[in-house]
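# Architecture at a glance
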Amino acid sequence: MEYNFSEIEKKWHSYWANHKTFKVSEDPTKPKFYVLDMFPYPSGAGLHVGHPLGYIASDIYARYKRLKGFNVLHPMGYDAFGLPAEQYAIQTGQPPQLTTKQNIIRYREQLDKLGFSYDWDREICTCDPTYYQWTQWVFLKMFDHWYNTEVDKAKPIEELKEIFNRRGNEQIHAAHHCEKSFTAAQWNDFSENEKEDILMCYRIAYLGETFVNWCPHLGTVLANDEVKEGFSVRGGHLVEQKKMKQWQLRVSAYAQRLLEGLEPLAWSDSLKEMQRNWIGRSEGAEMEFQVTCLTEKYSMDIFTTRPDTLFGVTFMVLAPESEWVNKLTTPEHKKEVEQYLSYVKTKTERERMTETHRVTGVFTGSYATHPFTGKKLPVWISEYVMAGYGTGAIMAVPAHDSRDYLFAKHFQLPIVPIIEGCDVSEESFEAKEGILCNSGFMNGMTVEQAIVAAIEEVEKQHLGVRKTYYRLRDAIFSRQRYWGEPFPIYYEDGIAKPLPESELPLTLPHIDSFQPSGSGEAPLAGAKDWNYKGYPLETCTMPGFAGSSAYYLRYMDPHNRDALVSEEANQYWQNVDLYIGGTEHATGHLIYSRFWNKFLYDLGYVCREEPFKKLINQGMIQGRSNFVYRIQNTNTFVSLNLKDDYETTEIHVDINLVENDQLNIEAFKQWNPEYANAQFILEDDQYICGWAVEKMSKSMFNVVNPDDICAQYGADTLRMYEMFLGPLEQSKPWDTNGIDGVHRFLRRLWRLFFDKEGTSLITKEAPDTEEQKILHRLIKKIEEDIENFSFNTSVSAFMIAVNELAGLSCHKHAVLEPLVILLSPYAPHIAEELWSLLGNAPSVANAKFPKYNPEFIKEQVFEYPVSFNGKLRFKINLAVDLSKEAIEQAVLADERIHKYTGEKEIKRTVVVPGKIINIVI
RNA sequence: GCUCGGGUGGUGGAAUAGGUAGACACGCAGGACUUAAAAUCCUGUGGACAGUAAUGUCCGUACGGGUUCGAUUCCCGUCCCGAGCACCA
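Below is a short write-up of the structure. (Residues numbered from 1 in each chain as written. Chains lettered and ligands numbered in written order. Predicted model: local features only at pLDDT ≥ 70, side-chain atom pairs only at ≥ 80, totals over all residues. Heavy atoms only, no water.)

## Describing the overall build of chain A
Scanning chain A from N- to C-terminus turns up 28 helices and 38 strands. Projected onto its principal axes, the C-alpha positions of chain A cover 100 × 85 × 75 Å. Counting contacts in chain A only where the partners sit at least 6 residues apart, residues at least 24 apart contribute 71% of the total. Surface exposure of chain A reaches about 42700 Å², of which carbon and sulfur atoms provide 48%. (Helix = DSSP H or I, 4+ residues; strand = E, 2+ residues; numbered from the N terminus. Contact = heavy atoms within 4.5 Å. Areas by Shrake-Rupley, 256 points an atom, 1.4 Å probe, with all protein chains shown as cover.)

This is how it looks when you write it as structure tokens:
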């Protein structure tokens, strides 16, 4: 009987589904384990072989943990709101509700084929009102809270009102952007609307005016992580800066906690580093400089991380957008400054970013006074200073900062080095090392000492304060589009008011036109009856990350109608033990989720401050594209190695028309009518295609569909092959070349159980030592591999073990049964089949992971009293018995061992030809 | 420019509390079975040299140094590749 994977897989899929084998519930008698995949966006293209890589890995781990006796929560769902469905709706007029539903059905079919052990009763979908009700609910909570920086916690806005009532906002410890200061009396005199305006500056979810990333093509605002190098991540459209009133989340209030919280997490260093960069903490001093514009005197704040270089300051620079520009420009320089400002305005964000080496700037005519030396420092304006960071103004230390240096060289400003012996004739000296000079009270100190001393002195003389800045900005939360969660907000006399919780979910209405207006007005503005008790509802919707920020909590208690997650469910499942997903979410979803979770933690709705304990980033599976070469202006194609003789154009060709880089010419002709009459210049009677490793995508015709692989080899082969391909975290091209090897392994395994006629070979004999050794070595290896996520080497270990057992003609029940359990996380279908053929009740998922017994693989230990250079005992650990003489010879042959004879206990290994001997002296 | 990874056969990749480098798989070559093919099985497979042969010797983990009895592994320097950040003061 042959290994009939398609029948086996079909049989077990329906068994698992009918018996709800993987259904879980809270069970206090068992330890819990939560394994989560980053849920997919169900696109119209369906899954390709790259998508399941992480799902397979997490499924192996989840199944393993189950065998180890854990109560495993392993759910799946869909991140279904988003731009592509809406873009599709704009093009075709099909409502996103419909296309999303179709895509989800397709995804589910594909996922089901791969035999994942998900508890499908917990399936969620972010566009489902029973789900997004809780997204809206969290938003209301954020609207209703402010951030108290004294206790570092979100607090109800009512508390803030009371504080204002009692003592105004003068000594308030809050994260805010309120520019007014007021007393209790003034507060009480404010009108309700004025009060609301002020409170808005303190809310964690707030409506505020800022520069936003506006994408005219998409007709919407985007978050910082949705923009890369001035273009939208989705679609690659130009993004410009525009000042707009938008909903925002005060993520910046949590910057420090987001940074500190990273420390204990079991995430990769590179990912933590990415988040650290994104949060961008910098410590330094905020200092006041007295500036004089003609006769007018001001004090201007600047921020520096290098207060030790204070005596190297030779000029000041303002950002072009800084409010100081107007105040400090003298009439004499007004014209030049205006010219410069208009020049800066013509540059796009992108140009400003790419032309970083070009030095531009203009003098304001004003001077600042050095707080210690009293020297006059000219105040310049330059685009290299950012308005959005620090105070939008800097003290320039050309000797020790490369940008200041270039600027000083260009405009011939003085450069004063303040570190002994540094050479600043060619470039600035930026290293934070050396001894200070030319620096008054700091002379002779190291840079490290000077930084501390400078801040102390500055604080003592009340010139400034220690200060920490973060690069992390508040998240812009409005999107001018349709396919997202509606805001539970209505406007009463222009004042944003929260909808009562009892009105949730506020469901997304059906609309006729999905086309954005282009003027910044959202599609919902055209919805009928989009109001609450006659008041207009907010027309923007929430961004993609809204729905994915707390989905891991909802899985704990997906059908709860009264809460996002019940306290009991949250107490039991706590947080995610293992999270597997792509690195592309490093500065998006993974920051927002952590923020969201911390907020809910502050409010006491969740018991853990961090959502994801351990995180693994699976690598991308790239496609291997094939090319044909068309001779320009002809319909003739030339084979790869002859193409250099012609002027050719490289054209992607569907990889399904190519085998081993050989083009199937007939199929190619039929592929596209344009090529029906194509001519070919062959080499060795073949057309050889070129190839390249690229992203797997429809447009490159290099997509491999897992359904096809399943049909040809089965899901078990696909699962094992994806693991065998290489280390999980590494990106690698899909390459079917090795898949036969894995498939062959499963067939060989099958043959340990059955002969060709299908008669069972299984015997009840007791295993011998050699067989025990094979088995227990495998148990140890598989356990280690799974714990280390080194799934590729486990596949090899299985192959070796099965080959060895086949070599010994071992068909013993006592060996094969544990082998099947070990294999079940990797190849669950065949394991399930063999498990029941061994006479067990389904399912192998309920089996116990075999216990490793080191006795079976222990090498025999021979203890030799070897007389050597006096009285020494060598304890020799080796599998093969060697004669005493052989050992002595081996040890003596290594003359250099003499060095160690005086020391007490040294573990050493001596190599005898053919053997390794570990010796304890 | 800065930060973090990483460089091992024809290919994907094994092996690092320092100890027989190249597991396993692909590919390739040869063989068995077959009328033939597919499938399956067996053998060989880093390089160079010597030998009829069994086998032996030398060189090999990007490059140059160092520590060590011994380095793919640890340290220093150089080169290359990948990822991320990037006028963030």
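## What about the sheet that holds strand β6 (residues 153-156)?
The 3 strands are arranged β6-β5-β7 in an open sheet whose pairing can be described as antiparallel. The open sheet is flanked by β6 and β7 (174-175), the only strands paired with a single partner. Sheet topology places strand β5 (residues 145-148) next to β7; 2 bridges connect them, and they run antiparallel. When the sheet's bridge partners are listed, N148 is paired in β7 with A174. (Pairing = 2+ DSSP bridges.)

## So, the packing of aromatic side chains
Tallying each qualifying case throughout the model produces 72 aromatic pairs. Their ring planes at 5° and their centres at 5.8 Å tell us that F139 and F477 sit as a pair that is stacked. Of this pair, F139 sits in helix α5 (residues 129-143) while F477 sits in the loop between β20 (475-476) and β21 (489-492), and the two are 338 residues apart along the sequence. What makes F139 buried here is its relative accessible area of 0%. Over the ring of F190 we find K180, and its NZ or CZ is 5.8 Å from the ring centre. (Phe/Tyr/Trp six-rings, centres within 6.5 Å; stacked < 30°, edge-to-face > 60°. Buried < 20%, exposed > 50% of the residue type's maximum accessible area, 1.4 Å probe, protein only. Lys NZ or Arg CZ within 6 Å of the ring centre and 35° of its normal.)

## Concerning the sheet that holds strand β1 (residues 32-37)
Reading across from one edge, β2-β1-β25-β26 is the order of the 4 strands in this open sheet, with parallel pairing throughout. Each edge of the open sheet carries a strand with a single partner, namely β2 (71-73) and β26 (612-617). Mean inter-strand twist for the sheet, computed between neighbouring axes without regard to direction, equals 20°. Running over the sheet, helix α2 (residues 52-67) touches β1, β2 and β25 (576-581) and is turned about 170° from β1. (Axes fitted to C-alpha atoms, helices over the stretch in contact; angles between N-to-C directions.)

## Description of the state of the cysteines
Applying the stated criterion across every chain yields a total of 0 disulfides. Free cysteine: C178, not disulfide-bonded; nearest cysteine sulfur from C201 at 4.6 Å. (Disulfide = S-S within 2.5 Å.)

## Some details on the pairing of strand β16 (residues 362-369)
Of all 8 residues in β16, 6 are buried; the element is thus mostly enclosed. Relative to β16, strand β13 (residues 282-293) runs antiparallel, the two being bridged by 3 bridges. Note that in β16 the partner of Q290 across the bridge is T369. Here β16 pairs with strand β17 (residues 376-381) via 5 bridges, running antiparallel. Opposite T369, over in β17, you have K376 as the bridge partner.

## With respect to a positive patch on the surface
Among the surface-exposed residues, R744, R748, R751 and K756 lie close enough to one another that they form a single positively charged patch. Its relative accessible area of 33% is what places R748 among the partly exposed residues. (Patch = residues over 30% accessible without salt bridge, like charges linked within 9 Å, V, L, I, M, F, W, Y side chains within 5 Å. Salt bridge = Lys/Arg side-chain N within 4 Å of Asp/Glu carboxyl O. Lys, Arg positive; Asp, Glu negative; His and termini not counted. Charge placed at Lys NZ, Arg CZ, Asp CG, Glu CD.)

## Regarding the environment of F637
Assignment of secondary structure puts F637 in strand β28 (residues 636-638). Looking at F637, the relative accessible area reads 0%, which means it is buried. C-alpha separation for the pair F637 and F680, spaced 43 residues apart in sequence, amounts to 4.8 Å. Among all residues touching F637, those that are not within four sequence positions of it are V628, Y629, R630, I651, F668, Y675, A678, Q679, F680, I681 and Y687.

## Side note on a negative patch on the surface
Residues D423, E426, E427 and E430 make up a contiguous surface patch of negative charge. Position of E430 relative to the elements: it lies in the loop between α14 (402-411) and α15 (447-460).

## Examining helix α8 (residues 192-200)
Buried within α8 we find K195, E196, I198, L199 and M200. Turning to α8, the residues buried within the fold contact α5, α6 (157-167), α7 (184-189), β8 (205-215), β12 (240-249) and β22 (495-498).

## Notes on the pattern of salt bridges
In a structure, side chains of opposite charge can pair up when their charged atoms sit close to one another. Counting across every chain of the model gives 36 salt bridges. A salt bridge links E123 to R108; the nearest nitrogen and oxygen atoms lie 3.2 Å apart. Of this pair, E123 sits in the loop between α4 (96-113) and β4 (124-125) while R108 sits in helix α4, and the two are 15 residues apart along the sequence. Of the charged contacts in the structure, one is a salt bridge between E666 and K669, with a shortest N-O distance of 4.0 Å. With a gap of 3 residues between them, E666 and K669 both fall in helix α20 (residues 665-671), about one helical turn apart. A residue is classified by how much of its surface remains accessible, and K669, at 23% relative accessible area, is partly exposed. Among the charged side chains, a network of salt bridges with common partners joins R257, R594, K598, D602, E609 and E610.

## Section: helix α25 (residues 791-807)
The first and last C-alpha atoms of α25 sit 25 Å apart over 17 residues, in line with the 24 Å expected at 1.5 Å per residue. F791, N792, S794, V795, A797, F798, M799, A801, V802 and L805 are the residues of α25 that are buried. Buried residues along α25 sit in contact with α2, α22 (715-724), α23 (739-753), α24 (769-787) and α26 (813-823). S809 occupies a position one or two residues after α25 and carries a positive phi of about 50°. (Expected span 1.5 Å × (residues − 1).)

## Looking at the pairing of β25
In terms of burial, β25 is largely enclosed, as 6 of its 6 residues are buried. Pairing of β1 with β25 involves 3 bridges; the strand directions are parallel. What sits directly across from V35, in β25, is L578. As defined by bridge partners, β25 adjoins β26 across 5 bridges and the pair is classed as parallel. By the bridge assignment for β26, I580 is matched with I616. In this view, the connection linking β25 to its parallel neighbour β26 by way of helix α19 (residues 589-602) has right-handed handedness. (Right-handed = clockwise from strand over helix to strand, strands pointing away.)

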